Amino acid sequence: MFSGQGSQYVGMAKELCEKYDAANAVFDTAEKVLGYDLRAVTFDGPDTELNKTVNSQPAIMACSLAAFEAAKAEGITFDGVAGHSLGEYAAMVAAGVVTIEDGFKLIKARAAAMQKAAEANSGSMYAIIGLPAEEVEKICEETEAMLFL
């Protein structure tokens, strides 16, 4: 199962790349396709750079595939893959539906389009974890915003 945007944090997958050549090779491919030092943004940050959609989406995909390669190096096999939102792209690569190069080309275009849309439209999004429905409803009633449930 490959995760979507929002799961990123500075330093993710750094240890995997230090331990597994196959994980490191994922970043080699990503950087070749993307044209910038994805390791620096992912491993060293700062958060403000990593959290930009144009960076976070390729970083999450690279980390997801690095973890996948590390798991394979440890002898773990799989019978299927799944992805949530952005994670669907890593799942497609893992399943062999697209090459890793094409996967990063796709994610580069997706991230650029979503970054452009985010800059053109102000707003924010929150993940609500563990609050009772009544409390969420109260917060929504007190907030001047559009809400989609």
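Before reading on, note that the structure itself is shown above.
What this report covers is the structure whose coordinates are included nearby. On a predicted model such as this, the values are computed, not experimentally measured, just so you know.

We now examine the overall build of the protein chain. Helix and strand counts for the protein chain come out as eight helices and zero strands. Reading the protein chain from its N end, one meets helices and strands in the order α-α-α-α-α-α-α-α. Expressed along its principal axes, the backbone C-alpha trace of the protein chain runs to roughly 50 × 35 × 30 Å. Once local pairs closer than 6 in sequence are excluded, the contacts in the protein chain between residues at least 24 apart make up 70%. Surface accessibility of the protein chain: about 9,400 Å² in total, with carbon and sulfur atoms responsible for 55%.

Once that is clear, we can look at the side chain of Ser 64. Tracing the chain through its elements places Ser 64 in helix H5 (residues 53-73). Taking the relative accessible area as the measure of exposure, Ser 64 reaches 12% and is therefore buried. Other than its neighbours up to four places away in sequence, Ser 64 contacts Phe 2, Ser 3 and Ala 90.

With that settled, consider the environment of Ala 82. Residue position: Ala 82 is located in the loop between H5 and helix H6 (87-95). In this structure Ala 82 comes out as partly exposed when scored by relative accessible area, which is 37%. Taking C-alpha positions, Ala 82 is 4.8 Å from Met 1, a pair spaced 81 residues apart along the chain. Other than its neighbours up to four places away in sequence, Ala 82 contacts Met 1, Phe 2 and Ala 91.

Let's shift gears to unusual backbone geometry. Omega for the peptide link from Gly 45 to Pro 46 comes to 5 degrees, which places this bond in the cis form. With respect to the element layout, Pro 46 can be found in the loop between helix H3 (38-44) and helix H4 (47-50). The backbone of Ala 13 sits at a positive phi, close to 70 degrees, despite the residue not being glycine. One can find Ala 13 in the segment before helix H1 (14-19). Not every positive phi belongs to a glycine, and Ser 85 is a case in point at roughly 55 degrees.

What follows deals with the nonpolar core. Counting residues in each nonpolar core, the largest one holds 32 residues, and the members touching the most others are Phe 27, Leu 38, Met 61, Leu 65 and Phe 104. Looking at this core, the elements that each hand over two or more residues are helix H2 (21-34), H3, H5, H6 and helix H7 (100-120).

The next thing to look at is the packing of aromatic side chains. Tallied over the full model, the rule gives three aromatic pairs. Ring centres of Phe 2 and Phe 68 lie 6.0 Å apart, and the angle between their planes is 65 degrees; this geometry places the pair in the edge-to-face category. Highlighted residues: Phe 2 in the segment before H1 and Phe 68 in helix H5, separated in sequence by 66 residues. You can call Phe 2 buried: its relative accessible area is 7%. An aromatic cluster is defined as three or more aromatic residues linked by ring pairs; in this entry it consists of Phe 2, Phe 68 and Phe 78.

Another point: the packing of H5 against H7. Here H5 crosses H7 at 150 degrees, and the two axes come no closer than 7 Å. Between H5 and H7, the angle is such that the two are roughly antiparallel. Regarding H5 and H7, the two cross each other, and that crossing is right-handed. Facing H5, whose interface residues are Thr 53, Val 54, Gln 57, Pro 58, Met 61, Ala 62 and Leu 65, H7 presents Ile 100, Gly 103, Phe 104, Ile 107, Arg 110, Ala 111, Ala 112, Met 114 and Gln 115. Split by residue class, the contact of H5 with H7 holds eleven nonpolar, four polar and one charged.

Rules of the game
- Residues numbered from 1 in each chain as written.
- Predicted model: local features only at pLDDT ≥ 70, side-chain atom pairs only at ≥ 80, totals over all residues.
- Heavy atoms only, no water.
- Helix = DSSP H or I, 4+ residues; strand = E, 2+ residues; numbered from the N terminus.
- Contact = heavy atoms within 4.5 Å.
- Areas by Shrake-Rupley, 256 points an atom, 1.4 Å probe, with all protein chains shown as cover.
- Buried < 20%, exposed > 50% of the residue type's maximum accessible area, 1.4 Å probe, protein only.
- Core = buried A, V, L, I, M, F, W, Y, C linked by side-chain atoms within 4.5 Å.
- Phe/Tyr/Trp six-rings, centres within 6.5 Å; stacked < 30°, edge-to-face > 60°.
- Axes fitted to C-alpha atoms, helices over the stretch in contact; angles between N-to-C directions.
- Parallel < 35°, antiparallel > 145°, perpendicular 65-115°, else oblique.
- Left-handed = near helix turned anticlockwise from the far one by under 90°.
- Nonpolar A, V, L, I, M, F, W, Y, C, P; charged D, E, K, R; others polar.

Interpretation in functional terms is not warranted from these geometric data alone.
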